[in-house]
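# Examination of the molecular architecture
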Amino acid sequence: MFLSILTSRYAEYDFLESLPRKLLFGLPTLFLSITTMMVAFGVSFFVLYDKGLLWIPILICVLVVFLALLYVRLQYKLFIDVIRSTYRSRYLFKPKKSVLYIENPKV
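Here goes a summary of the coordinates provided. Every chain's residues receive numbers from 1 upward, in the order its sequence appears when written. For a predicted model such as this one, the threshold for reporting local features is a pLDDT of at least 70, and the threshold for listing and counting side-chain atom pairs is 80 or more; totals across whole chains, interfaces and linings nevertheless cover every residue. Excluding hydrogens and water, the side-chain figures rest on all heavy atoms present in the structure.

### Considering the environment of Phe46
Helix and strand definitions here come from DSSP, where helices need a minimum of 4 consecutive H or I residues and strands a minimum of 2 consecutive E residues; each element is numbered from the N-terminal end. Within the secondary structure, Phe46 is located in helix H2 (residues 12-48). Sequence spacing of Phe46 and Ile60 is 14 residues, and the spatial spacing of their C-alpha atoms is 9.5 Å. In this structure, Phe46 is in contact with Leu54, Pro57, Ile58 and Cys61, ignoring residues within four places of it in sequence. We call two residues in contact when some of their heavy atoms are within 4.5 Å.

Have a look at this one:
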């Protein structure tokens, strides 16, 4: 997904619609992949330390949850900004009529 963002042709359509949609799809996908990787890492510690020393995998899992929450907190503003710029300002740069010449009202 991020490779397609880097290799785009940089046209107006890409910056207004295509790139923000790819970023909206890419950020949650990246979060999901990081979360599953951290879960697999934590589960491997529970398998490794199944007898005795149970506090080590618990400590590792707490650290994993902290890092995942930190990632969500740091990327939340970017995700909200991309949603706002993609869906709330669709007609921001498309004025309805030209205001170049203003007629004076007749008395």
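### Focus: the packing of aromatic side chains
In this analysis, rings of Phe, Tyr and Trp, with Trp reduced to its six-membered ring, are considered paired at centre separations within 6.5 Å, and the interplanar angle assigns stacked below 30 degrees, edge-to-face beyond 60, and tilted for intermediate values. Summed over all chains, the structure comprises one aromatic pair. With a centroid separation of 6.0 Å and an interplanar angle of 5°, the aromatic rings of Phe31 and Tyr71 are classed as stacked. Of this pair, Phe31 sits in helix H2 while Tyr71 sits in helix H3 (residues 55-88), and the two are 40 residues apart along the sequence. For the exposure calls, accessible area comes from a 1.4 Å probe over protein chains only, and a residue counts as buried if that area is under 20% of its type's maximum, exposed if over 50%, partly exposed in between. The partly exposed category is assigned to Phe31, whose relative accessible area is 30%. Assessed through its relative accessible area of 18%, Tyr71 is described here as buried.

### Looking at H3
Here a helix's expected span is defined as the number of its residues, less one, multiplied by 1.5 Å. A rise of 1.5 Å per residue sets the reference length of H3, with its 34 residues, at 50 Å; its end C-alpha atoms lie 48 Å apart and thus fit the reference within 8%. Restricting attention to buried positions, one finds in H3 the residues Ile56, Pro57, Ile60, Val64, Ala68, Tyr71, Val82 and Thr86.

### Comments concerning the nonpolar core
Residues belong to one nonpolar core when they are buried, are Ala, Val, Leu, Ile, Met, Phe, Trp, Tyr or Cys, and are joined through side-chain atoms within 4.5 Å. Counting six residues, the largest nonpolar core consists of Met38, Phe45, Ile56, Ile60, Val64 and Ala68. Contributions of two or more residues to this core are made by H2 and H3. In terms of residue count, the dominant contributor to this core is H3 (four residues). Those residues in contact with Phe45 that sit more than four places away from it in its chain are Pro57 and Ile60.

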